[in-house]
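Analysis of the macromolecular model
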Amino acid sequence: MKDITDIIIIGAGACGLFTAINIAERHPDKRILILEKSKEALGKVRISGGGRCNLTNAEPNPREFVKNYPRGHRELLGVFSRFSNKDTIEWFESHKVPLKQEADGRIFPQSNSSQTVIDCFLSLAKKYGIEILYRQNIQSFSYEQDLWMVQAVDTFLGRHLVIATGSNPKIWQQLAILGHTIVPPVPSLFTFATKDSFIEELAGVSKQVSIKLLESQGTPLKVPLIDKQGLLGALLITHWGFSGPAVLKLSAFTARILAELEYKFALQINWLAEADEQLTTQDTLTILQEEKQKHPRKELQNHCPFGLAKKLWIKLVERAGVLPHQLWAALNKGQLHALAKELTASTFSIEDKAPFKEEFVTAGGVSLKEIDFKSFRSKRYSTLYIGGEALDIDAVTGGYNFQNAWSSGYLIAEGVISE
């Protein structure tokens, strides 16, 4: 008979290794085996944050923290009360990974290198005798006679099975065979591609804006957790369309809607939106009328009353059907209204999604209804645990996806230990 392992973990990523280490630290006698399909561990950790590894976020309010999860926010509120971002920071610093907080709340290793995190995890795995086998392409797993049998390069037997593979269709298929419901995966965190000539020569321009998705009739789409005035954030114009935190967040919260639309939709932008104020079309019209009285002899291209980058201002003027060299005094009523609308409700036809290279996030996975979030244990099998992005949980950028991995891994470890 083959040797029986106490815990088999499929996936040597953030969730898998964090689970293993937290089990081993409290029960070093437990035999833990990690099976990884690639040739190295922690591949996503290595490339995240441009190679710096955005470990978590410093947002202090748990209710605000969970608003960064389009799927899973309700379940994670309780999870984070048991292992929070603060606990994550303390864990890493107690394991000799000094951290730093950036102005936007993102937390990174002081070294600015993901290798620091990788070295920490692998040294701890070695210290506790956690076995990691690489190039293990999982063929199947099943539960027979109170044991998990995992078929990869060889056959492995274990008392507990932890799924920490992230978005993996083959693993989801095996879980479906076991009776779990899989929410069909769709891309999340992507940028918007447009053929609109507006973006020409504007690549690199960034601006705080408010953005909305529009239905075919021109009415805004209702998106859970997004203010009806639109999503406020930084937008970046690229060679292919629109990117930046606002676009990425909107793509995450509307991932399923946009998949159904086959990524063809209308994007509305209010260019005059700041954190403390969003100008309406009427507000803007009033300002334009006042500027016409104050600066009648100035050319529009030389006077922007809204602090916009000059080339962006000129593009918006042109888009409103006004010549940039036209004098303010010459603006007629129709042009004033058109410019006010363009400044506060520019509408662009989006033709497709475009990849966001630093993140690989999918909306979809094991249905959250089938998980006990006290320990991330399957409700169908008492010795099966599923964590991280293998579940139908995903987040926006800023360290939130990794926090899901750390919290689920920690609570899985607690669950295994308590049995």
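Going by the structure above, here's the rest.
Residues numbered from 1 in each chain as written. Predicted model: local features only at pLDDT ≥ 70, side-chain atom pairs only at ≥ 80, totals over all residues. Heavy atoms only, no water.

Re the sheet that holds strand β4 (residues 99-101)
- Strand order in the open sheet made by the three strands is β3-β5-β4, with antiparallel pairing throughout. The open sheet is flanked by β3 (56-57) and β4, the only strands paired with a single partner. (Pairing = 2+ DSSP bridges. Helix = DSSP H or I, 4+ residues; strand = E, 2+ residues; numbered from the N terminus.)

Quick notes on the packing of helix α2 (residues 43-51) against helix α6 (residues 114-127)
- At a minimum axis separation of 8 Å, α2 and α6 run at an interaxial angle of 160°. The pairing of α2 with α6 is recorded here as roughly antiparallel in orientation. Between α2 and α6 lies a crossing of right-handed hand. In contact with Val 45, Arg 46 and Gly 51 of α2, α6 contributes Ser 114, Gln 115, Val 117 and Ile 118.
- By residue class, the composition of the contact of α2 with α6 is three nonpolar, three polar and one charged. (Axes fitted to C-alpha atoms, helices over the stretch in contact; angles between N-to-C directions. Parallel < 35°, antiparallel > 145°, perpendicular 65-115°, else oblique. Left-handed = near helix turned anticlockwise from the far one by under 90°. Contact = heavy atoms within 4.5 Å. Nonpolar A, V, L, I, M, F, W, Y, C, P; charged D, E, K, R; others polar.)

Considering the sheet that holds strand β12 (residues 206-214)
- One open sheet accounts for seven strands, arranged β18-β15-β12-β13-β14-β11-β19; its pairing is antiparallel. Because the sheet does not close on itself, it has two edges, and the strands there are β18 (346-350) and β19 (352-354). Neighbour-to-neighbour, the strand axes of this sheet turn through a mean angle of 40°, independent of strand direction.
- Relative to β19, strand β11 (residues 191-193) runs antiparallel, the two sharing three bridges. Considered in β19, the bridge of Phe 192 is made with Lys 353.

Some remarks on the pairing of strand β8 (residues 147-151)
- The sheet contact formed by strand β7 (residues 140-144) and β8 spans five bridges and is antiparallel. The residue of β8 that forms the bridge with Phe 141 is Val 150.
- Connecting β7 to the next strand, β8, in antiparallel fashion are two residues, including Gln 145 with a positive phi near 55°.
- Pairing analysis gives four bridges linking β8 to strand β9 (residues 155-163), with the strands arranged antiparallel. Its bridge partner lying in β9, Trp 148 is registered against Gly 158.
- In this structure, the hairpin formed by β8 and β9 is closed by a connection of three residues.

Quick notes on the packing of aromatic side chains
- As enumerated under the stated definition, the model contains 29 aromatic pairs in all.
- Measuring from centroid to centroid gives 4.9 Å for Phe 65 and Tyr 400, while their planes differ by 70°, and the two rings are edge-to-face. Taken together, the residues Phe 65 in helix α3 (residues 62-65) and Tyr 400 in helix α13 (residues 400-418) connect sequence positions 335 residues apart. The two residues Phe 65 and Tyr 400 agree in class, both being buried.
- Taken together, a centroid distance of 5.0 Å and an interplanar angle of 50° make the contact between Phe 198 and Phe 348 tilted. Taken together, the residues Phe 198 in the loop between β11 and β12 and Phe 348 in strand β18 connect sequence positions 150 residues apart. In this structure, Phe 198 and Phe 348 share a single accessibility class: buried.
- Taken together through their ring pairs, the aromatic side chains of Phe 18, Phe 83, Trp 91, Phe 92, Phe 121, Phe 402, Trp 406 and Tyr 410 make up a single cluster.
- When the ring centre of Tyr 410 is taken as reference, the NZ or CZ atom of Arg 26 above it lies at 4.9 Å.
- The cationic tip of Lys 353 hangs over the ring face of Tyr 263; the distance from NZ or CZ to the ring centre is 5.2 Å. (Phe/Tyr/Trp six-rings, centres within 6.5 Å; stacked < 30°, edge-to-face > 60°. Buried < 20%, exposed > 50% of the residue type's maximum accessible area, 1.4 Å probe, protein only. Lys NZ or Arg CZ within 6 Å of the ring centre and 35° of its normal.)

Section: the packing of helix α11 (residues 310-319) against helix α12 (residues 333-345)
- One can describe the packing of α11 onto α12 by two numbers: an axis separation of 8 Å at closest approach and a directional angle of 125°. Regarding the angle of α11 to α12, the classification is oblique. Judged by the sense of rotation from one axis to the other, the crossing of α11 with α12 is right-handed. On the side of α11, the interface is formed by Trp 313, Leu 316, Val 317 and Arg 319, while α12 contributes Leu 339, Glu 342 and Leu 343.
- Split into classes, the residues belonging to the contact of α11 with α12 amount to five nonpolar, no polar and two charged.

Examining helix α10 (residues 281-294)
- Between its first and last C-alpha, α10 extends 20 Å over 14 residues, near the 20 Å set by a 1.5 Å rise per residue.
- Residues Thr 284, Leu 285, Leu 288 and Glu 291 constitute the buried set of α10. All buried residues of α10 fall inside an arc of 125° around its axis, so they share one side. Opposite the buried face of α10, by more than 90 degrees, sit the exposed residues Gln 282, Gln 293 and Lys 294. (Expected span 1.5 Å × (residues − 1). Arc of directions from axis to C-beta.)

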